[in-house]
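Coordinates in review
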Amino acid sequence: MTAPAWLEVLNETMDACRTHGRADLAERLRRRRDAPPGQIRLGVLGFPKQGKGYLLNAVLNAPVCAVGDAPTPAVPTEIAYSAEPAATLVGRSRERIPVAVERLTGELGARPAGTLSRVEVGVPRELLSAGLVLVDTPPVGDPRSPRTAAALDLLAEADAVILVSDATAPLSPAELALARHVRTWCPHVLVALTKIDASPGWRAVAERNRAMLAEAGIDAPVQPVSAVVRQAAAKAGDADLNARSGFPELLNWIAEQAARPADQSRALLAAVGVRAAAAELVESLRDRVDAAGQEAGLGQAALLQRAQRRADDLRRQNTRWQNLLSDEITDLLSDAEYDLRERTRKIVNTIDRTFDEGDPAKVWDEFAPWLDNALAEAVDVNYTWLADRAEWIAQAVAACFGAQYDRALPDLRLDGSGVEGLDDVRRPKIEKFKVGQQAFTGLRGSYGGVLMFGLVTSLAGLPLINPVSIGAGAAFAAKTIKDEGGMRLQRRQAVAKQAAQRHVDDVFLRFSKECRDSIRVVQRRLRDHFTGLAEELADELTHERETIMAGTAERERRTVHIRREIDRLAGLHQRAGELGTIAGRQRRELSA
């Protein structure tokens, strides 16, 4: 057996609804597809206090529905044919609870809210004997309320709908929107204009309603009715009065719905459901395409501009931090050498003053420890200052990156100043003027004095050695010893100065080299650290730009896919219209 054409289109549309996340539309189409055969469901919809219950009771000539101040059921009431009046409450778990018809209103009021799914009522009416089911729905109100949801749920299975509006005023915008929504999902809609007995201007209202419906493109006739006149005519058996109630025309319309061929009706309902679902999907997909277009037009441009600004900033940062590091390292080299030179120069001045005034033979033991300590302090202070200056340079270079620098500074700890490895100043060879040397020097000077004054006094007849020559020899001996001691002191001072200054120069040369090496180490560490950071930022920027471009490609791909889906849904919409079941209706096809 070949499946009908409408079933294939319906199934494809259900798949599309699931694909695009509209399970509600898929479920509505499924219920339309799986509707039990041989049954015509006619729903009655309307806002509160429009006379919906009175209308149904008048159609059935029986008090089936709650009217007046009686509580209105929050669930649909399905009224079908039954040989004997009967009522059943159907729970959420599909449990069935029979109740007496006359106690139905009280039973409904006693049930907790949310425990029932529907109410089934059976009445012995010929109108219903052919399988017609009248569905009284809860009043439509707040779109978010469960009552409104339960009422609109009728559209998933309704073959025809009576939209109830009283004749006291023309259709409100909400009623017109409800009529448009109902007509979208159901091919047969009638607007019942109730309470015409209480509204002298009902004819003008009816014409106004017809004009509004035509203007809105809603194909739905308007039927004025009066339940009060209908009941009065029934009691009096007055056919003319019944004709003025408008119910004969309404019953004829209901009979036409019940008499429609089942196959034709199902195909028509399926086609209408497919077109309604396709239209909703296409509308939502077009919104997504528009949103993607706005995102691509505004978002991408903003992102690219931001990436370009970051690239420009990064280039400026690279130039700035490289120049700053080079300048600061050059300055540090010069300053460190000058600092060490200045400290050693002061030490050398102290050495000069020390040995200009003191005898190295006497002060060396005290001088040597002082010199070692002074040099160690000078080197240590210079090295500490160098380390502090290196930290400052690292912070200054990091500041070039601004907020982009979000990591710790590199480890600039050096191997140490090496103070503990300083060699002690070596004691120079200091010759002392010993007692024997002084005696020999004194004899050498006294010999000349005795000989010179002995010869002079010998002319006076005195012997060579006499008191005068001996006294002169003693004076010459003392002077010779003093002169020799002075010369020996000067030589010792010169030797000590030379030894101390040479030691200072050695220390300066050694630690000056170590300082330069340490500064170069600092430069390489900072250069490697910030070069790595700059490369990471450049990679991030490149990745960001690639992501932006990839996002653009992805959006374009999604847009192309959505447009194809719109084309496919438009095709389903058209196929549903071409099924031939919408005869006599002007089709308005979707555009891609």
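Residue numbers restart at each chain and count upward from 1, following the sequence in its written direction. Local features in this predicted model are restricted to residues of pLDDT 70 or higher, and side-chain atom pairs are both shown and tallied only at a pLDDT of 80 or more, whereas totals for entire chains, interfaces and linings draw on every residue. Working from all heavy atoms in the structure, the side-chain values ignore hydrogens and water.

The criterion for strand pairing is that DSSP finds at least two bridges linking the strands in question. Helix and strand assignments come from DSSP, with helices taken as H or I runs of at least 4 residues and strands as E runs of at least 2, each series counted from the N terminus. The 9 strands lie next to each other as S4-S3-S5-S2-S6-S1-S7-S8-S9, forming an open sheet whose pairing is mixed. Of all strands in the sheet, those bounded by a partner on one side alone are strand S4 (96-99) and strand S9 (222-224). Neighbour to neighbour, the strand axes of the sheet diverge by 25° on average, direction disregarded. As paired strands, strand S2 (residues 77-81) and strand S5 (residues 116-123) are joined by 5 bridges and run parallel to one another. In the strand pairing of S5, Thr77 is matched with Val119. Throughout, a residue-residue contact means that at least one pair of heavy atoms, one from each residue, lies within 4.5 Å. Note on geometry: axes are C-alpha line fits, over the in-contact stretch for helices, and angles between N-to-C directions span 0 to 180 degrees. Each of strand S8 (189-194) and S9 touches helix H7 (residues 202-215); the most contacted strand, S9, lies at about 170° to it.

Before going further, it helps to spend a moment on the packing of helix H3 (residues 52-60) against helix H10 (residues 247-259). Contact geometry of H3 with H10 gives a least axis separation of 11 Å together with a crossing angle of 80°. Accordingly, the angle class assigned to the pair H3 and H10 is roughly perpendicular. Side by side, H3 and H10 meet where Leu55, Ala58 and Val59 of the first sit next to Phe247, Leu250, Leu251 and Ile254 of the second. Taken together, the residues of the contact of H3 with H10 sort by class into 7 nonpolar, no polar and no charged. An angle counts as roughly parallel when it lies under 35 degrees, as roughly antiparallel when it exceeds 145, as roughly perpendicular when it falls between 65 and 115, and as oblique in every other case. The classification used treats Ala, Val, Leu, Ile, Met, Phe, Trp, Tyr, Cys and Pro as nonpolar, Asp, Glu, Lys and Arg as charged, and all other residues, Gly among them, as polar.

Here we take up the environment of Val205. Among the secondary structure elements, Val205 is positioned in helix H7. Contacts of Val205, omitting those with residues within four sequence positions, involve Ala167, Ala169, Pro170 and Leu193.

With 111 residues, helix H14 (residues 467-577) extends 162 Å between its outermost C-alpha atoms, agreeing within 8% with the 165 Å of an ideal straight helix rising 1.5 Å per residue. A 3.5 Å cut-off defines polar contacts: any pair of N or O atoms within that distance qualifies, except that in protein one atom must be a possible hydrogen donor and the other a possible acceptor, and neighbouring residues in sequence count only when both atoms are side-chain atoms. The opening residue of H14, the one whose side-chain oxygen lies 2.8 Å from the backbone nitrogen of Val468, is Asn466. In this scheme, a helix's expected span is set at 1.5 Å multiplied by one less than its residue total.

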